[in-house]
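# Examination of the molecular architecture
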Amino acid sequence: MPLPVVLRNILTGLNVAEYVEGGAAQAAPAEALKMAAVVLITLPMLLVYPWIQRYFTKGVLLGSVKE
């Protein structure tokens, strides 16, 4: 499943135990598990973006130049 679908399922409370190991779902509050999932899913995007930012800015500048 794609990450946005997994995040939606976790945040809406559908099968939280499916994504967490054994007793962790009972030991931690549900809100803490939800916020941890949000951080873990957004972390890769935040780490990769600085390296590919130059390609975004080049594309925006190239697309905005009219001759």
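Calculation criteria
Residues numbered from 1 in each chain as written. Predicted model: local features only at pLDDT ≥ 70, side-chain atom pairs only at ≥ 80, totals over all residues. Heavy atoms only, no water. Helix = DSSP H or I, 4+ residues; strand = E, 2+ residues; numbered from the N terminus. Buried < 20%, exposed > 50% of the residue type's maximum accessible area, 1.4 Å probe, protein only. Areas by Shrake-Rupley, 256 points an atom, 1.4 Å probe, with all protein chains shown as cover. Core = buried A, V, L, I, M, F, W, Y, C linked by side-chain atoms within 4.5 Å. pLDDT = per-residue confidence, 0-100. Patch = residues over 30% accessible without salt bridge, like charges linked within 9 Å, V, L, I, M, F, W, Y side chains within 5 Å. Salt bridge = Lys/Arg side-chain N within 4 Å of Asp/Glu carboxyl O. Arc of directions from axis to C-beta.

Moving on, we come to the overall build of the chain. A count of helices and strands for the chain gives 4 helices and 0 strands. Taken across its 67 residues, the chain has 12% of its residues classed as buried. Of the roughly 5,600 Å² of accessible surface on the chain, 70% is carried by carbon and sulfur atoms.

Among the nonpolar cores identified, the biggest contains 5 residues, and these are Val6, Leu7, Ile10, Ala37 and Ile41. When residues of this core are traced back to their parent elements, those giving at least two are α1 (3-12) and α4 (30-64). Ranked by residues supplied to this core, first place goes to α1 with 3 residues.

The next thing to look at is the confidence of the model for the chain. Where the model shows low pLDDT, its predicted coordinates should not be examined in detail. Within the chain, residue pLDDT values average 74, and 67% of them lie at 70 or more. Within the chain, the lowest mean pLDDT, 58, falls on helix α3 (residues 24-27), and the highest, 80, falls on α4.

On the surface, Leu40, Leu43, Leu47, Val48, Tyr49, Trp51, Ile52, Tyr55 and Phe56 cluster together into a nonpolar patch covering about 970 Å² of accessible area. With relative accessibility at 33%, the residue Ile52 sits in the partly exposed group.

Looking at where Ile41 falls in the secondary structure, it is placed in helix α4. Judged by its relative accessible area of 13%, Ile41 is buried. With 37 residues separating them in the primary sequence, Ile41 and Pro4 have C-alpha atoms 8.4 Å apart.

For the α-helix, the turn length of 3.6 residues means that residues three or four positions removed from each other point alike. For α1, the set of buried residues is Val6, Leu7, Asn9 and Ile10. One face of α1 carries all of its buried residues, which in axial projection span an arc of 160°. Away from its buried face, by an angle of more than 90 degrees, α1 presents the exposed residues Pro4 and Thr12.

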